[in-house]
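# Notes for the structure review
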Amino acid sequence: MAFATRADLLARSNARRLGQLAIPADREMVPDDALRAAIAGGSLVDFTQVDQQSLVLGLDAIDKALDDANALILSHGIDAAVQTTLLARLTSTIALYYLQGAERMTDDVQKAYENAVAVLKSHTRGDINLVPALPTDPVIVGDVIDIASNPVRYGVAGVIVSDW
C-alpha cells in the first residue's frame, strides 16, 4: 500500500505544475483538464491521441516518483500499512522533489525535501513517532507520569533515595 497516491500529489500541487514536471520536454503540454482526468481515472476519449500518449508518459513519471518516495519512507522503518495525512504530505513532497530533477531544482523544493528527510531521520532516531497509536495501545489518563530507574544508579547500593 502506498503512503500517497497520484490524487494526493495533485492535491498538494496543481495540474499545470505536475504536467510541466512529468510530461517529457519533447512532448507538447497536455491540457490541465486532461491530467486531472487521467489522475482521477476518468475518460480520456475527448483528448487527442498525442495527448493520451503524453499522459501515459507523464503518469509513468509520477508513479516512479511516488514509488521512489514510498521506498524512502519504508527505508526509515515505517510499515506500508500506516496511512496518515502527514505521511501522504511527506511522500508527496519527496515525489515532487524527484519529479523536479536536478536541472530544474529550486531552493523551495530543495528545502521542503530536506525538511521531509529530516522528519524521517527524526523518526528513525526515535525522537518522534510517525506511526499513530493503535486502539489496543494503553491510554494515558490525566497527568500521570511513572518514572522508574535503577536504584543503584541514583542512590547508594541498598538504599533508595525517595525523599526530595
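Since the model is a prediction, treat every value here as computed from it, not as a measurement.

Let's shift gears to helix 3 (residues 32–40). For helix 3, every residue scored as buried is listed here: Asp 32, Ala 34, Leu 35, Ala 37, Ala 38 and Ile 39. For helix 3, the elements touching its buried residues are helix 1 (6–11), helix 2 (15–22) and helix 4 (49–74).

A few words now on the packing of aromatic side chains. Counted according to the given criterion, the structure contains three aromatic pairs. Between Tyr 97 and Tyr 113, the ring centres sit 3.6 Å apart and the planes meet at 10°, which makes this aromatic pair stacked. Placement of the pair is Tyr 97 in helix 5 (residues 85–100) and Tyr 113 in helix 6 (residues 107–125), with a sequence separation of 16 residues. For the pair Tyr 97 and Tyr 113, one class covers both residues: buried. Members of the aromatic cluster, joined through ring pairs, are Tyr 97, Tyr 98 and Tyr 113.

Before going further, it helps to spend a moment on the environment of Gly 58. By the element assignment, Gly 58 lies in helix 4. Sequence separation between Gly 58 and Ile 23 is 35 residues, and the spatial gap between their C-alpha atoms is 4.4 Å. The contact partners of Gly 58, leaving out residues within four places of it in the chain, are Ala 22 and Ile 23.

Our next topic: the environment of Ala 80. Take Ala 80: it is sitting in the loop between helix 4 and helix 5. The exposure class of Ala 80 is partly exposed, given its relative accessible area of 26%. Counting along the chain gives 79 residues from Ala 80 to Met 1, while the straight-line C-alpha distance between them is 5.7 Å. Apart from residues no more than four positions distant in its own chain, Ala 80 is found in contact with Met 1, Phe 3 and Leu 74.

This structure, assessed with the given rule, holds six salt bridges. The closest approach of N and O atoms between Asp 60 and Lys 64, which form a salt bridge, is 3.2 Å. You can see Asp 60 and its partner Lys 64 sitting in helix 4, four residues apart, about one turn around the helix. For Arg 125, the salt bridge is made with Asp 127, and the minimal N-O distance between the two is 2.9 Å. Just as Arg 125 is exposed, Asp 127 falls in that class too.

For any two helices packed against each other, the geometry is given by the interaxial angle and the distance between the axes. Contact geometry for helix 2 and helix 3: axes closest at 9 Å, N-to-C directions at 85°. Here helix 2 is positioned roughly perpendicular relative to helix 3, judged by the angle of their axes. Contact with helix 2, carried on its side by Ala 15, Arg 16, Leu 18 and Gly 19, involves Asp 32, Leu 35, Arg 36 and Ile 39 of helix 3 and no other residues of that element. For the contact of helix 2 with helix 3, the per-class residue count stands at four nonpolar, one polar and three charged.

Reading guide: rules and limits
Residues numbered from 1 in each chain as written. Predicted model: local features only at pLDDT ≥ 70, side-chain atom pairs only at ≥ 80, totals over all residues. Heavy atoms only, no water. Buried < 20%, exposed > 50% of the residue type's maximum accessible area, 1.4 Å probe, protein only. Helix = DSSP H or I, 4+ residues; strand = E, 2+ residues; numbered from the N terminus. Contact = heavy atoms within 4.5 Å. Phe/Tyr/Trp six-rings, centres within 6.5 Å; stacked < 30°, edge-to-face > 60°. Salt bridge = Lys/Arg side-chain N within 4 Å of Asp/Glu carboxyl O. Axes fitted to C-alpha atoms, helices over the stretch in contact; angles between N-to-C directions. Parallel < 35°, antiparallel > 145°, perpendicular 65-115°, else oblique. Nonpolar A, V, L, I, M, F, W, Y, C, P; charged D, E, K, R; others polar.

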